Amino acid sequence: MLSDIDSTDFNIENWAFLLLDIPCAEPVLAGQIDIKNAAMVAQQLEIAHQLAADNTVAAIVTGPLQKSALIDADIKLLDGTMFSGHTEFFMQQSGCDKVVMMLANQAMKVALVTIHLALREVPAAITKANVRETVQIVLDDMRSKFGMASPRILVCGLNPHAGEGGHLGREEIEIINPVLQEFIAAGVDISEAMPADTLFTSRHLDNCDAVIAMYHDQGLPVLKSHGFGDTVNLTLGLPYIRTSVDHGTALDLAGRGGASATSLYQALVMADEMANKAQAV
């Protein structure tokens, strides 16, 4: 990792596009992992963070990375834990306690209260504080980064039928809805917990700006069925804009000419649109 980067060293002023040459330790071979180049990847991420944090660049757009390569190379996050991904890296570099993953395409925007947890661990992670922080981050970024003064938010319940009045679970009654009622009382245009199987229908989606799902496979399969490859991954709650692709490294396709650049293109377009809207707010 770099310990001292000064964005003024890059002389970016008046450049529409600048390519920074971060040298590799070893030659890169398409589709092959080399942990000797892991430090180069980490260095790129740190430079991107500092340029964005200094407002030298308007946004960060990332491609997929092979997390296992950084882990095997003993690359650590700031808190000393193993490298677990872009999201955690930028969150810690920015000094944020929580960020929110949102995926977006032409059909919908879906944010998640919990992300990569085993399903049995999800209920314990649905706390009032977690729901409250997620909703607030989504609202703040919909306003500041998407230019929506009064976004309309729909929220999924955790249980089937949103708990069926407590007969299929009490998380909606005891945790989720009390928090949502706080926002409703404050004038926010947000629903109470809704059954996910009916929320994701055109009747509801046509009249909302974003959906908050309780867990990964509650919201993302529906979204990706409406545009996998055209979907953008966003990290909300950072002090800058960060978008990314909706897929992994696909090492089996690297160097064969069969990979699609559609998601990367959409991530670039969305980052540009968000940057322009953020400047207008």
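Here is what the cut-offs are and how they apply
Residues numbered from 1 in each chain as written. Predicted model: local features only at pLDDT ≥ 70, side-chain atom pairs only at ≥ 80, totals over all residues. Heavy atoms only, no water. Helix = DSSP H or I, 4+ residues; strand = E, 2+ residues; numbered from the N terminus. Rg over C-alpha atoms; globule rule 2.2 N^0.38 Å. Buried < 20%, exposed > 50% of the residue type's maximum accessible area, 1.4 Å probe, protein only. Contact = heavy atoms within 4.5 Å. Areas by Shrake-Rupley, 256 points an atom, 1.4 Å probe, with all protein chains shown as cover. Lys, Arg positive; Asp, Glu negative; His and termini not counted. Charge placed at Lys NZ, Arg CZ, Asp CG, Glu CD. Salt bridge = Lys/Arg side-chain N within 4 Å of Asp/Glu carboxyl O. Patch = residues over 30% accessible without salt bridge, like charges linked within 9 Å, V, L, I, M, F, W, Y side chains within 5 Å. Phe/Tyr/Trp six-rings, centres within 6.5 Å; stacked < 30°, edge-to-face > 60°. Axes fitted to C-alpha atoms, helices over the stretch in contact; angles between N-to-C directions. Parallel < 35°, antiparallel > 145°, perpendicular 65-115°, else oblique. Left-handed = near helix turned anticlockwise from the far one by under 90°. Nonpolar A, V, L, I, M, F, W, Y, C, P; charged D, E, K, R; others polar. Pairing = 2+ DSSP bridges.

(A) View of the overall build of the protein. The helix and strand tally for the protein stands at 10 helices and eight strands. For the protein, whose C-alpha radius of gyration is 20 Å, the value lies close to the compact-globule estimate of 19 Å for 281 residues. Referenced to the eigenvectors of the C-alpha coordinate spread, the extents of the protein come out at roughly 60 × 40 × 35 Å. The buried share of the protein, taken over its 281 residues, is 43%. Residue pairs at least 24 apart in sequence account for 67% of intrachain contacts in the protein once pairs closer than 6 positions are excluded. Total accessible area on the protein is roughly 14500 Å²; 51% of this is exposed by carbon and sulfur atoms. Both charge centroids of the protein, one from 17 positive and one from 34 negative side chains, sit 6 Å from each other.

(B) Representation of the pattern of salt bridges within the structure. For the coordinates displayed, the defined rule picks out five salt bridges. Between R132 and E182 there is a salt bridge, and its shortest N-O distance comes to 3.0 Å. Of the two residues, R132 sits in helix α5 (residues 128-144) while E182 sits in helix α6 (residues 171-185), which places them 50 residues apart along the sequence. Among the residues examined, E182 registers a relative accessible area of 40% and is labelled partly exposed.

(C) Expanded view of a nonpolar patch on the surface. Together, I33, I35 and L251 give the surface a local cluster of nonpolar side chains, amounting to about 230 Å² of exposed area. With respect to the helices and strands, I33 occurs in the segment before α1 (38-53).

(D) Spatial organisation of the packing of aromatic side chains. Across all of its chains, the model carries three aromatic pairs by this definition. Between F83 and F89 the ring centres are 6.2 Å apart and the planes differ by 40°, which places this aromatic pair in the tilted class. Exposure class is identical for F83 and F89. Each is buried. Between F89 and F90 the ring centres are 5.4 Å apart and the planes differ by 80°, which places this aromatic pair in the edge-to-face class. Exposure remark for F90: the relative accessible area of 0% places this residue in the buried category. An aromatic cluster is present here, built from F83, F89, F90 and Y240 joined pairwise through their rings.

(E) Quick look at the packing of α1 against helix α3 (residues 86-93). Taken N-terminus to C-terminus, the directions of α1 and α3 make an angle of 45°; their axes are 11 Å apart at the nearest point. The angle between α1 and α3 falls in the class oblique. Considering only the axes of α1 and α3, their crossing is right-handed. Residues A42, L45, E46 and H49 of α1 form the contact with α3, whose participating residues are H86, F89, F90 and Q93. Here the contact of α1 with α3 is composed, by residue class, of four nonpolar, three polar and one charged.

(F) Broad picture of the pairing of strand β2 (residues 100-104). With five of five residues buried, β2 is to be regarded as a mostly interior element. Neither face of β2 is left uncovered, since the one carrying V100, M102 and A104 and the one carrying M101 and L103 both have all their residues buried. Two strands pair when backbone bridges link them, and β2 and strand β7 (residues 232-236) are joined in this way by five bridges, in the antiparallel orientation. Counted as the bridge partner of V100 is L236 from β7. Sheet analysis places β2 next to strand β3 (residues 109-112), joined by three bridges and oriented antiparallel. Bridge pairing in β3 links A104 to K109. Adjacent in sequence and paired antiparallel, β2 and β3 are bridged by four residues.

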